[in-house]
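Working through the structure, step by step
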Amino acid sequence: MRNIHFCLASPGPVWILAAVLAGTFCPAAERAAAPAAAPNILFAIADDWSFPHAGAYGCGWVKTPAFDRVAREGLLFKNAYTPNAKCAPSRSCILTGRNSWQLKAAANHVCYFPVEFKTYAEALEENGYFTGFTAKGWGPGSARTAEDKPRPLLGRAFNKRAAPPPAKGINNNDYAANFDDFLDAAPKGRPWCFWYGSTEPHRAYEYGSGAAKGGKKLSDLDQVPGYWPDNEVVRNDLLDYAFEVEHFDRHLGRMLDSLEKRGLLDNTLVIVTADNGMPFPRAKGNQYEISSHMPLAAMWKKGINQPGRVLEDYVSFVDFAPTFVEVAGLKWEQTGLQPAAGRSLLPVFQSDKSGQADPARDHVLLGQERHDVGRPNDWGYPIRGIIKGGFLYLHNFEPSRWPACNPETGYLNCDGSPTKTEVLKTRAIAGQKHYWENSFGKRPPEELYQLKRDPDCLNNLAGHTDYEKQQRQLKEQLFAELKAQGDLRMSGQGQVYEQYPYAEPERRNFYEKFMRGEKVKAGWVNDSDFEKAPVE
């Protein structure tokens with residue numbers, strides 16, 4: 001199994017004991033019966049996979065037949081976004097239906113999940129569903145009850161089955177076999193909700209596996225994004241990423257086949273997506289297009305009208321929990337979940353329109369607080385943003401800070417990788433420093449990008465007279481919606497997010513410990529990532 005710094009479900013003892021304790025979290029005597037026609041739910045979430053890297057979107061160097069089937073026999077969404085492009089906060093948004101700035105400590109990565117926020121899986125379990133997950137659920141972080149007991153946020157864990165992985169960096173969890181164990185355990189006549197949490201394509205990769213084991217060629221890539229150097233190392237890294245995406249997809253295909261053989265596929269809502277963008281510089285851990293724009297397909301043969309539609313509607317991850325609650329036949333108010341920021345996708349499922357099915361779905365909000373440690377005082381890099389009308393507007397609240405964490409502590413908010421190493425080298429190469437600046441350099445207070453012309457988000461239009469109107473309108477709408485949602489950044493209390501403790505005490509105050517010469521490990525970056533001399 002890969003050596004990575006997050007846990008595969010609820011971290012620490014939560015993951016270890018989830019299978020034991022999940023059944024006791026909601027006693028059977030307190031569990032209501034689900035509606036007779038309530039669908040099963042399979043939520044398949046890859047770990048660090050960006051739009052548009054799937055065959056259904058026309059990407060030729062990533063083969064995803066299972067995702068493509070879900071899109072073909074259901075719906076393909078072209079504008080799905082995570083509100084926060086990092087593992088734990090993204091998953092917190094999915095589980096609660098709330099944006100990360102509405103989740104107290106869960107605005108942050110590696111947090112203590114607040115006890116007052118119920119998850120949709122807990123609500124479904126209380127209302128007649130059988131719930132479970134395999135591999136990575138919520139995390140990294142710590143989730144415990146008010147009685148300080150491990151809290152299984154997604155139900156019972158199914159992780160017993162293993163299989164030899166096709167490459168060294170890939171998890172040995174036999175996801176599909178564990179899903180079969182879940183189906184075998186599901187009580188007859190009771191709907192179920194399962195979270196398939198692959199750990200692919202998260203780092204680390206077996207370098208060269210995409211070519212050597214996946215049969216891929218460097219020439220398969222039609223282009224390399226403009227923020228990375230186009231060379232053999234970077235292209236190999238991208239092919240290795242593709243190979244891991246395909247591993248996720250193969251297990252998804254096996255799950256679909258199993259459902260079909262069991263006669264369960266027709267009344268199962270299948271959602272396929274990822275938590276955040278690819279684990280490369282300027283992608284995961286940022287709020288750019290490659291960071292936040294996610295693949296999304298949905299299939300439900302008994303519940304989706306006019307399958308095969310391709311939709312332009314904007315979808316936020318905060319829409320998933322309201323969707324699951326509504327298709328289960330429940331009212332949000334009866335679940336005990338905190339008020340949602342998202343809206344159910346059921347009207348889109350029931351529509352017969354392609355393109356823009358719901359005109360009100362015309363924008364999404366983005367943001368982040370602390371991701372990884374590595375700055376003084378464990379500070380974050382607070383951002384809020386909005387995508388609307390073809391523009392991405394970002395507001396950086398602390399532009400004096402390093403966006404990927406401090407250079408001397410290894411740029412910890414960017415996973416170590418061959419591409420990261422290549423980009424870091426360019427800082428000292430004449431004519432190539434712009435690659436380093438785009439991924440690791442400090443940023444202005446405001447950024448504005450026209451996404452159709454500039455999907456790489458390299459031409460900042462903020463401050464240009466031709467775009468003053470768009471910049472002003474987007475900022476006004478963003479701030480108005482954030483205020484309505486109770487975002488503490490809007491009331492001058494943003495420091496509250498930064499005061500929530502990092503949930504791994506040994507890495508807390510990483511910057512100060514490292515600068516004092518203490519040995520503190522960050523296993524997700526390379527030793528060469530740490531800058532030895534001051535960086536301006």
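Residues numbered from 1 in each chain as written. Predicted model: local features only at pLDDT ≥ 70, side-chain atom pairs only at ≥ 80, totals over all residues. Heavy atoms only, no water.

1. Here we look at the overall build of the protein
Here is the rule: What counts as a helix is a DSSP run of H or I of at least four residues, what counts as a strand is a run of E of at least two, and both are numbered from the N terminus. With the radius of gyration taken over C-alpha atoms, the globule rule is written as 2.2 Å times the number of residues to the power 0.38. Between buried and exposed lies partly exposed: a residue is buried under 20% and exposed over 50% of the maximum accessible area for its type, with that area taken using a 1.4 Å probe on protein chains only. In this analysis, two residues are considered to be in contact whenever any of their non-hydrogen atoms come within 4.5 Å of each other. Values of accessible area rely on a 1.4 Å probe in the Shrake-Rupley scheme; residue burial ignores everything except the protein chains shown. In this charge count, Lys and Arg are treated as positive and Asp and Glu as negative; neither His nor the chain ends contribute. Each charge is placed at NZ for Lys, CZ for Arg, CG for Asp and CD for Glu.
Scanning the protein for helices and strands turns up 15 helices and 14 strands. Its C-alpha atoms give the protein a radius of gyration of 22 Å, near enough to 24 Å, the size a compact globule of 536 residues would have. Considering the protein as a whole, with its 536 residues, one finds that 63% of them fall into the buried category. Restricting to contacts in the protein with at least 6 residues of sequence separation, those with at least 24 account for 75%. When the accessible surface of the protein is split by element, carbon and sulfur atoms take 51% of a total near 19600 Å². A gap of 2 Å separates the mean positions of the 64 positive and 65 negative side-chain charges of the protein.

2. Let's talk about the packing of helix H7 (residues 232-261) against helix H11 (residues 418-425)
The test is simple: Interaxial angles span 0 to 180 degrees and are taken between N-to-C directions of axes, which are lines fitted to C-alpha atoms, for helices over the stretch in contact. Here roughly perpendicular refers to angles of 65 to 115 degrees, roughly parallel to angles under 35, roughly antiparallel to angles over 145, and oblique to all remaining angles. The hand of a helix crossing depends on one turn: near helix anticlockwise from the far one by less than a right angle means left-handed, and clockwise means right-handed.
Where H7 contacts H11, the axes come no closer than 8 Å and their chain directions differ by 155 degrees. Looking at the two axes, H7 sits roughly antiparallel to H11. For the pair H7 and H11, the crossing hand works out as left-handed. Across the interface between the two elements, Val 233, Val 234 and Asp 237 of H7 pack against Pro 418, Thr 419 and Glu 422 of H11.

3. Structural notes on the sheet that holds strand E10 (residues 309-316)
Backbone-to-backbone hydrogen bonds join strands into a sheet, with any given pair of strands oriented parallel or antiparallel. This is how the line gets drawn: Should DSSP find at least two bridges between two strands, the strands are taken to pair.
Read from one edge to the other, the open sheet built from eight strands follows the order E6-E4-E7-E1-E8-E9-E2-E10, with strand pairing classed as mixed. Lying at the two open borders of the sheet, with one neighbouring strand each, are strand E6 (156-157) and E10. As paired elements, strand E2 (residues 75-81) and E10 share six bridges and run parallel to each other. The residue bridging Ala 80 from the neighbouring strand is Val 315, located in E10. In the packing of helix H3 (residues 87-96) onto the sheet, the strands contacted are strand E1 (40-46) and strand E7 (192-197), and the crossing angle to E1 comes to about 165 degrees. Against the sheet, helix H5 (residues 175-185) touches E1, strand E4 (130-135), E6 and E7, its axis set at about 165 degrees to E7.

4. Re the pairing of E7
In terms of residue burial, E7 counts as a mostly covered element, since six of its six residues are buried. Both faces of E7 are covered, namely the face carrying Trp 192, Phe 194 and Tyr 196 and the face carrying Cys 193, Trp 195 and Gly 197. Two strands pair when backbone bridges link them, and E1 and E7 are joined in this way by five bridges, in the parallel orientation. Bridged to Ile 45 within E7 is Gly 197. Sheet topology note: the E4/E7 ladder contains six bridges and is parallel. Within E7, the residue paired with Gly 132 across the bridge is Phe 194.

5. Observations concerning the nonpolar core
What counts here: By convention a nonpolar core is built from buried Ala, Val, Leu, Ile, Met, Phe, Trp, Tyr and Cys residues, the set being connected through side-chain atoms within 4.5 Å.
Trp 49, Tyr 120, Trp 192 and Phe 349 are the most contacted members of the largest nonpolar core, which totals 116 residues. Here this core takes eleven residues from H7, the largest share from any one element. If you look at the next biggest cluster of nonpolar residues, it comprises 17 residues, including Phe 391, Leu 461, Leu 474 and Met 490.

6. Points about the pattern of salt bridges
The test is simple: Basic side-chain nitrogens of Lys or Arg form a salt bridge, by our definition, when they fall within 4 Å of a carboxyl oxygen of Asp or Glu.
Under the definition given, this model contains 40 salt bridges. What emerges from the salt-bridge pattern is a single network uniting Glu 369, Arg 384, Glu 398, Arg 401, Asp 487, Arg 489 and Glu 498.

7. Considerations on the environment of Tyr 467
Along the chain, Tyr 467 falls in the loop between strand E14 (446-450) and helix H13 (468-484). Sequence separation between Tyr 467 and Tyr 449 is 18 residues, and the spatial gap between their C-alpha atoms is 9.9 Å. Aside from chain neighbours lying at most four places away, what touches Tyr 467 is Phe 391, Leu 448, Gln 450, Arg 453 and Leu 461.

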